[in-house]
Amino acid sequence: MTPSSPISENYPEQRKQTGRFLIVLLLFCVFAAVLGLLNLMLGSVSLSWQELGQAFTEAGRGSTAYKILFEIRLPRLLAAFLLGGALAVSGFLLQTFFANPLAGPFVLGISSGAKLTVALYMICTLQTGFAVSSGGMIAAAFLGAGLSMGFVLLVSGRVRSAGILIVCGIMIGYFCSAVTELFITFADDSNIVNLHSWSQGSFSGVSMDNIRMLAPILLVSLAGCILLAKPMGAYQLGELYAVNSGVHVARLRICLILLSSLLSACVTAFAGPVAFVGIAVPQLTRRLLRTDRPIRMIPACFLAGAAFCLLADLLARLLFAPTELSISLVTSILGAPVVIKIMTERRLRHA
């Protein structure tokens with residue numbers, strides 16, 4: 001009787017994991033589709049199925065439903081979908097880089113650094129009479145995210161405790177947010193009145209022109225993440241294993257920093273800081289998939305983040321309508337319990 005090979009022994013488990021991955025991915029797609037439809041139909045003015053369908057026809061052009069749909073709700077829906085997915089993937093990249101489940105753009109102060117530079121860019125641009133461009137906002141956000149990330153890396157090289165690193169990131173966030181609010185408070189230009197709502201987090205100010213600018217950048221960034229999936233998987237098993245597997249660790253780290261900073265910068269540039277998505281969504285996705293493999297986590301995190309932000313945006317608009325809540329308020333309420341559970345479990349595991 002010939003002994004079975006390790007490959008044949010692992011094959012049933014691999015099929016089971018693949019089946020779970022496809023089911024979870026399908027569920028995320030269904031949730032995102034349902035929530036997207038609800039976002040289009042519900043609001044201060046509800047649209048019926050007939051009005052929604054007519055708005056997509058030639059006869060519906062110029063109608064009230066058409067304007068509500070294509071000028072307000074559709075850009076906002078696409079923003080929540082794309083930016084929510086980008087933020088979740090950015091959080092997964094940071095958690096992989098630091099090998100810490102609590103790492104995320106908001107907690108490490110990266111979003112706050114991007115928020116500060118975008119606010120400065122918008123204030124200076126508007127007060128000098130120039131038009132604010134989408135490219136300029138992304139560049140400013142990327143600069144702020146890169147500076148904050150650089151400080152976090154500097155701290156991580158000096159301390160070994162993950163707790164101290166998180167505390168330093170939170171302090172960076174508080175400092176950058178305080179400086180941002182200071183500039184916004186003393187800004188005297190009437191065109192900067194929307195900065196306050198942006199600084200609290202909102203998808204409402206995103207236009208279709210912004211989406212056309214964002215979509216290619218995010219797609220290229222996500223493609224880069226997928227291409228790095230294999231070396232990231234080796235890196236998760238330890239730096240020594242990655243080196244022995246032929247991975248250029250220093251180059252991989254630089255790519256992870258650049259991609260995570262770019263993804264979080266795109267989010268902050270147009271939606272402001274959005275809390276807890278970068279931490280909570282990768283954790284929930286990891287538990288559903290029961291794996292940490294990047295080739296599966298990256299697409300699943302993107303769809304989960306998109307669905308999460310679509311749900312949060314829907315609740316922000318409807319809970320206390322016509323008053324609209326900030327998106328960070330809703331994501332904090334939804335995501336904070338997940339983070340508390342993670343911290344509690346880690347505490348019990350190491351007790």
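Keep in mind that what you see is a predicted model, and the values were worked out from it rather than measured. (Residues numbered from 1 in each chain as written. Predicted model: local features only at pLDDT ≥ 70, side-chain atom pairs only at ≥ 80, totals over all residues. Heavy atoms only, no water.)

Draft legend 1. Main features of the overall build of the protein chain. Helix and strand content of the protein chain: 14 helices and zero strands. The order of helices and strands in the protein chain, counted from the N terminus, is α-α-α-α-α-α-α-α-α-α-α-α-α-α. A compact globule built from 351 residues would reach a C-alpha radius of gyration of about 20 Å, and the protein chain, at 21 Å, matches this within 12%. Dimensions along the principal axes, computed over C-alpha positions, put the protein chain at roughly 75 × 50 × 35 Å. The 351 residues of the protein chain split such that 48% are buried. Taking the intrachain contacts of the protein chain between residues at least 6 apart in sequence as the baseline, contacts between residues at least 24 apart amount to 76%. Of the roughly 17500 Å² of accessible surface on the protein chain, a fraction of 67% belongs to carbon and sulfur atoms. Separation of charge centres in the protein chain, based on 24 positive and 14 negative side chains, amounts to 12 Å. (Helix = DSSP H or I, 4+ residues; strand = E, 2+ residues; numbered from the N terminus. Rg over C-alpha atoms; globule rule 2.2 N^0.38 Å. Buried < 20%, exposed > 50% of the residue type's maximum accessible area, 1.4 Å probe, protein only. Contact = heavy atoms within 4.5 Å. Areas by Shrake-Rupley, 256 points an atom, 1.4 Å probe, with all protein chains shown as cover. Lys, Arg positive; Asp, Glu negative; His and termini not counted. Charge placed at Lys NZ, Arg CZ, Asp CG, Glu CD.)

Draft legend 2. Representation of the side chain of S148 within the structure. Secondary-structure assignment places S148 in helix 5 (residues 134–156). Here S148 falls in the buried class, since its relative accessible area comes to 5%.

Draft legend 3. Molecular detail of the packing of helix 3 (residues 64–98) against helix 11 (residues 249–271). With their axes 9 Å apart at the nearest point, helix 3 and helix 11 run at an angle of 150 degrees to one another. Comparing the axis directions of helix 3 and helix 11 gives the class roughly antiparallel. With respect to the hand of their crossing, helix 3 and helix 11 are arranged in left-handed fashion. Between helix 3, through L83, A86, L87, V89, S90, L93, L94 and F97, and helix 11, the contact on the second element is made entirely by R253, L256, I257, L259, S260, L263, S264, C266, V267, F270 and A271. When the residues that make up the contact of helix 3 with helix 11 are grouped by side-chain class, the tally is 15 nonpolar, three polar and one charged. (Axes fitted to C-alpha atoms, helices over the stretch in contact; angles between N-to-C directions. Parallel < 35°, antiparallel > 145°, perpendicular 65-115°, else oblique. Left-handed = near helix turned anticlockwise from the far one by under 90°. Nonpolar A, V, L, I, M, F, W, Y, C, P; charged D, E, K, R; others polar.)

Draft legend 4. The environment of T180, seen in detail. Mapped onto the elements of the fold, T180 is located in helix 6 (residues 162–185). With residues near it in sequence (within four places) discarded, T180 still touches K115, L116 and A119.

Draft legend 5. Molecular detail of the confidence of the model for the protein chain. Averaged over all residues, the pLDDT of the protein chain is 85; the fraction at 70 or higher stands at 91%. Note that pLDDT drops below 50 for residues 1–8; the model gives that stretch one contact with residues more than four away or on any other chain. (pLDDT = per-residue confidence, 0-100.)

Draft legend 6. Broad picture of the packing of aromatic side chains. A complete count under the given rule lists five aromatic pairs for this structure. Between the aromatic rings of Y66 and F70, the centroid separation amounts to 4.7 Å while the plane-to-plane angle is 35 degrees, which identifies the pairing as tilted. A residue pair is termed a helical-turn pair when its members lie 3 or 4 positions apart in one helix, as Y66 and F70 do in helix 3 at four residues. Take F70: its relative accessible area is 24%, and that puts it in the partly exposed class. One aromatic cluster is present, built from ring pairs that chain together F56, Y66 and F70. (Phe/Tyr/Trp six-rings, centres within 6.5 Å; stacked < 30°, edge-to-face > 60°.)

Draft legend 7. Main features of helix 9 (residues 229–236). Restricting attention to buried positions, one finds in helix 9 the residues A229, M232, A234 and Y235. Looking at the packing, one finds that the buried side of helix 9 touches helix 3, helix 8 (208–227), helix 10 (239–244), helix 11 and helix 13 (294–318). Note on helix 9: the residue one or two positions beyond its end, G238, has a positive phi of about 120 degrees.

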